[in-house]
Amino acid sequence: MWMIRLATTQDSEMSLHHLSFRKERGAENMATDMWLLENIESWGGLAFRRYGWTEPQTTFGYGQKASWVEQATNKKSKELIRRPTGGGVVQHRTDLTYCMVLSKGTDAEKMPPMELYGLIHQRWGESLGKENISTCLMPCPDKSKGGIPGDCFKEPVGRDLMNGEGTLKLGGAAMKRTRKGVLIQGSLELGEWPGLDHGVIEKEFLLLIASDFNESISTKEWPDGLEADRLSLVNTYSSNSWTQGRRAP
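As the structure is a prediction and not an experimental result, all values here were calculated from the model.

Caption draft 1: Region of interest: the packing of aromatic side chains. What the rule picks out here adds up to 11 aromatic pairs. Ring geometry for Y98 against W124: centres 5.0 Å apart, planes inclined by 50°, an arrangement best described as tilted. With Y98 in strand β6 (residues 95–103) and W124 in helix α4 (residues 113–129), this residue pair connects regions lying 26 residues apart in the sequence. We classify Y98 as buried; its relative accessible area is 0%. Relative accessible area serves as the criterion here: at 0%, W124 is assigned to the buried category. Between Y98 and F205, the ring centres sit 6.4 Å apart and the planes meet at 45°, which makes this aromatic pair tilted. Taken as a pair, Y98 in strand β6 and F205 in helix α5 (residues 198–212) lie far apart in primary sequence, 107 residues in all. Aromatic ring contacts, followed pair by pair, group F48, Y98, W124 and F205 into a single cluster. The ring of W222 has R22 sitting right over it, with the charged end atom 5.0 Å from the ring centre. The ring of Y62 has K176 lying over it, and the distance from NZ or CZ to the ring centre is 5.7 Å.

This is the structure we're talking about:
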């Protein structure tokens, strides 16, 4: 059993910047997430976005070998997208995909990573509970298996979001920490509930997580120059040198 440590900020409320839904290709989605991480320092607080894919997409973790992923998924390198965060292979078809960025010095950024990971999934679980979908968190093992994961949703780890029986993984995420803050890329596999409104689930989650960190939710507009600002990142995530060897072109 583990305990959630809620925020104890004594200062005035900060903002949880909520950005509107975007549906783009894999390279653009990865570039936008990293663009948010690079810019969160000037915004302060947290930023959150839910996004979609213009076509079914397979992404894989920063530390995975591209050759293994190609063999495991039966896909060519050009059909795959390497994420800037860790974790395993994720098939993006019916999932709710999201990104949350935490600026340096916020209560969320200061939390121990596994505590934060569990809190995020507990709040998603509570949001799904409002739609009569029961969930639980995967118990943490007594001893870590270590190593790099394979297929994300076939290999649940401690504090992943599971169905109520604990037999099926519903949600996982991965983090990247830099001097500017933390990037969290997550996915909820909701294909069993095709009529579920992802926007409603997102709203419930935001209300819960904003309360946890004493933040007010504010709408943040995408800048007019986003496409130009993120172009070098798009070029990186769409390049074979990144997919195969984690190198910018």
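That shown, we press on.
Caption draft 2: How the structure looks around the environment of G164. Positionally, G164 belongs in the loop between β8 (161–163) and β9 (169–178). Classification of G164 as partly exposed rests on a relative accessible area of 35%. Sequence separation between G164 and M100 is 64 residues, and the spatial gap between their C-alpha atoms is 25 Å.

Caption draft 3: Summary view of the pairing of β9. Here β8 pairs with β9 via two bridges, running antiparallel. Each bridged residue has a counterpart across the sheet, and for M162 the counterpart in β9 is K169. Following β8, the chain reverses through five residues before pairing antiparallel with β9; G166 in that reversal takes a positive phi of roughly 75°. Here eight bridges tie β9 to strand β10 (residues 181–189), and the two strands are oriented antiparallel to one another. Counterpart to A174 in the pairing with β10 is Q185. Joining the antiparallel neighbours β9 and β10 is a turn of two residues.

Caption draft 4: Geometry of the pattern of salt bridges. Under the counting rule described, the total for this entry stands at 11 salt bridges. Note that E24 and R22 form a salt bridge whose closest N and O atoms lie 3.3 Å from each other. The partner of D33 in a salt bridge is R49, with the nearest N and O atoms 2.9 Å apart. Separated by 16 residues along the polypeptide, D33 in helix α1 (residues 26–43) and R49 in strand β2 (residues 46–53) bring together distant segments of the chain. R49 matches D33 in its accessibility class, with the two residues each being buried. Sharing partners across several salt bridges, the network here consists of R22, E24, E227 and R230.

Caption draft 5: Representation of the sheet that holds strand β11 (residues 215–220) within the structure. On the basis of which strands lie adjacent, the open sheet formed by eight strands has the order β7-β8-β9-β10-β6-β2-β1-β11 and mixed pairing. Edge positions in the open sheet fall to β7 (135–137) and β11, since each of these has one partner strand only. Within the sheet, the average angular offset between the axes of one strand and its neighbour, ignoring direction, is 20°. Seen against the sheet, α1 touches β1 (14–24), β2, β6, β9, β10 and β11 and runs at an angle of roughly 170° to β2. Sheet strands in contact with α4 are β2, β6, β7, β8, β9 and β10, and its direction is about 140° off that of β9.

Caption draft 6: Molecular detail of the nonpolar core. One finds F48, L102, I120, W124, I184 and F213 to be the most contacted residues of the largest nonpolar core, which totals 30 residues. Elements represented by at least two residues in this core include exactly β2, β6, α4, β9, β10 and α5. If you tally residues by element for this core, the top one is α4, at six residues. Once residues within four sequence positions are removed from consideration, W124 is found in contact with F48, L96, Y98, L161, L188, I201, E202 and F205. With 23 residues, the next largest nonpolar core counts M30, A31, Y51 and L233 among its residues.

Conventions and cut-offs
- Per chain, residues are indexed from 1 in the order of the written sequence.
- Only residues with pLDDT of at least 70 are given local features in this predicted model, and only at 80 or more are side-chain atom pairs given and counted; all residues enter the totals for whole chains, interfaces and linings.
- In computing side-chain properties, one takes all heavy atoms of the structure into account and sets aside hydrogens as well as water.
- Two aromatic rings from Phe, Tyr or Trp, using only the six-membered ring of Trp, form a pair when their centres are within 6.5 Å; if the ring planes differ by under 30 degrees the pair is stacked, by over 60 it is edge-to-face, and anything between is tilted.
- We count a stretch as a helix when DSSP gives it H or I for four or more residues in a row; a strand needs E for two or more, and each element gets its number in order from the N terminus.
- When a residue's accessible area, from a 1.4 Å probe over protein chains only, is under 20% of the maximum for its type it is buried; when over 50% it is exposed; and in between it is partly exposed.
- In this scheme, Lys NZ or Arg CZ marks a charge over a ring once it lies within 6 Å of the ring centre and within 35 degrees of the ring normal.
- Here, strands pair whenever DSSP counts at least two bridges between them.
- Between Lys or Arg on one side and Asp or Glu on the other, a salt bridge is scored when a side-chain nitrogen of the former is within 4 Å of a carboxyl oxygen of the latter.
- Lines fitted to C-alpha atoms define the axes here, with helix axes fitted over just the stretch in contact, and angles between the N-to-C directions of these axes take values from 0 to 180 degrees.
- The contact criterion used is simple: two residues touch if any of their non-hydrogen atoms lie within 4.5 Å.
- Think of a nonpolar core as a cluster: buried Ala, Val, Leu, Ile, Met, Phe, Trp, Tyr and Cys residues, connected wherever their side-chain atoms sit within 4.5 Å.

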